Amino acid sequence: MAAATPSPTPPGSLKRIVAASLIGTTIEWYDFFLYGSAAALVFNKLFFPDSDPLVGTLLSFLTYAVGFAARPLGALVFGHYGDRLGRKKLLVLSLLLMGGATFAIGLLPTHATVGSAAPVLLTVLRLVQGFALGGEWGGAVLLVSEHGDARRRGFWASWPQTGAPAGQLLATGVLSALTALLSDAAFASWGWRIPFLLSGVLVIVGLWIRLSVDESPVFKAALAAAEERKAVDGQVEKLPLVAVLRHHWRDVLIAMGARMAENISYYVITAFILVYATTEVGLSKQTALNAVLIGSAVHFAVIPLWGALSDRLGRRPVYLIGAIGVGAWMFPFFTLIDRGTFGSLLLAVTVGLVLHGAMYAPQAAFFSEMFATRMRYSGASIGAQFSSVAAGAPAPLIATALLADYGNSTPIALYVIAAALLTVVAIACAKETRDRDLGEIEERTAADAKVGADA
């Protein structure tokens, strides 16, 4: 049984959908990356002051990694209800959770005030951030993917992906401005709180825009088809998670493998580099932040271009360009940084992020096209977020530990290269999805989703 394929969303409405997804993801990534930057720059002193500086940084990055640990849980919960209730409602909830947790971090007392309770409270709020972000990504990219048509889906779906560099740009820009305007003492005392408190204003703007968009027409058509099947012959859909793991386990594994190089390289290039450039090479915090700031601006600009290229060449070829490119760039990347100049640091970061964009841009459409509509939120979120526990979560921690143990960048470069090889294998095992119609409900998919226990 197949549902009628809904008509593509008019261009004007599609642009509004894209804007809503982009602004929401920008705010959520701003919140998430703000923590990562603060973890590298000040949290080691404010929340772990009794530790050796490098050990304090490791502990700070450990609380950073805790946020990733909560992302799979967010993917499961938001994916389940997003496939049952719709994309829009869950996206509003994720924005509220993320913004509220980030605002609360800005109000936290430090170790000097409440002792060991400070890092505990910080960790709890980080868990809330991770839980919210685990549900945000899948819903945001699906809302755009399901409103558009196959011909330009890679381009349009890549725009929510620009929320990552836009959030990085915003977070790094605010921190860079504050470190330039304030003394180190003032920034450590109260200045670091300002970017977190600004999140409250950003969330209000994001909610206003996100509440104005319509639910995905593809989801509404699939929901109507499911209700029709239930009314006609009593067929009840299986839980989305059960259906995904039973019938799409191979796609989940491919998505997880595809994320390894993308996730690890990104956090090495943007988060760990703040530690490496300042502690190992001796550059100032301002110099490192400015390099990431400019690199993120270029990253933002190239992602839609890579997305558009994936509409012409396919998702797999573009993704492979990024994975192979990032692996090949790692030794030149650290060689340039070791020169100790702003220009070489900027070149290293910018080229790395451009190559990363070749993986990140087609990822939204690629993952969306792997799964059926009534299990798409769960499938895309599980594939994307479960891999983050093994990839992005420990990446700055592992890189910092390798630097502490070996005193040079060679093992860190090899670590990223190994992740790139794993991603190349995953993409080689994947099928090209560029021409799939998200509005279709195939016979196999309909059979997979019915008969079973209701939630």
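Residues numbered from 1 in each chain as written. Predicted model: local features only at pLDDT ≥ 70, side-chain atom pairs only at ≥ 80, totals over all residues. Heavy atoms only, no water.

A. Examining the nonpolar core more closely. Counting residues in each nonpolar core, the largest one holds 108 residues, and the members touching the most others are F43 and F333. Top contributing element to this core by residue count: helix 12 (residues 249-280), with 17 residues. Ranked by size, the runner-up nonpolar core spans 16 residues in total, among them F78, L90, V144 and V213. (Core = buried A, V, L, I, M, F, W, Y, C linked by side-chain atoms within 4.5 Å. Buried < 20%, exposed > 50% of the residue type's maximum accessible area, 1.4 Å probe, protein only. Helix = DSSP H or I, 4+ residues; strand = E, 2+ residues; numbered from the N terminus.)

B. Structural view of helix 9 (residues 193-210). With 18 residues, helix 9 ought to run about 26 Å at 1.5 Å a step, and its terminal C-alpha atoms sit 26 Å apart, in line with that. Considering bend angle alone, the principal kink of helix 9 is centred on V201 and spans about 25 degrees. Residues R193, P195, F196, S199, V203, G206, L207, I209 and R210 constitute the buried set of helix 9. (Expected span 1.5 Å × (residues − 1). Bend = angle between axes of the 7 residues up to and from the residue.)

C. How the structure looks around the pattern of salt bridges. In total, this model carries nine salt bridges according to the counting rule given. Here E262 and R259 are joined by a salt bridge, their closest N and O atoms 2.8 Å apart. Residue E262 and its partner R259 are both found in helix 12; the two are separated by three residues, about one turn of the helix. Residue class for E262 comes out buried when judged on its relative accessible area of 2%. The class of R259 is buried, set by a relative accessible area of 4%. (Salt bridge = Lys/Arg side-chain N within 4 Å of Asp/Glu carboxyl O.)

D. Up close: the packing of aromatic side chains. All told, the structure shown has 13 aromatic pairs when counted by the stated rule. Measuring from ring centre to ring centre gives 6.1 Å for F155 and W159, while their planes differ by 90 degrees; the resulting arrangement is edge-to-face. Here F155 pairs with W159, and both are found in helix 6 (residues 153-161), just four residues apart, close to one helical turn. Since its relative accessible area comes to 16%, F155 is described here as buried. (Phe/Tyr/Trp six-rings, centres within 6.5 Å; stacked < 30°, edge-to-face > 60°.)

E. Structural view of the side chain of H147. You can see H147 is positioned in the loop between helix 5 (117-145) and helix 6. Among the polar contacts listed, one links the side chain of H147 to the backbone oxygen of L143, at a separation of 2.6 Å. (Polar contact = N/O pair within 3.5 Å; in protein donor to acceptor, adjacent residues only side chain to side chain.)

F. Region of interest: the side chain of T102. Position of T102 among the secondary structure elements: in helix 3 (residues 87-105). Assessed through its relative accessible area of 0%, T102 is described here as buried. If sequence neighbours within four positions are ignored, T102 has contacts with D31, L34, Q129, F196 and S199. (Contact = heavy atoms within 4.5 Å.)

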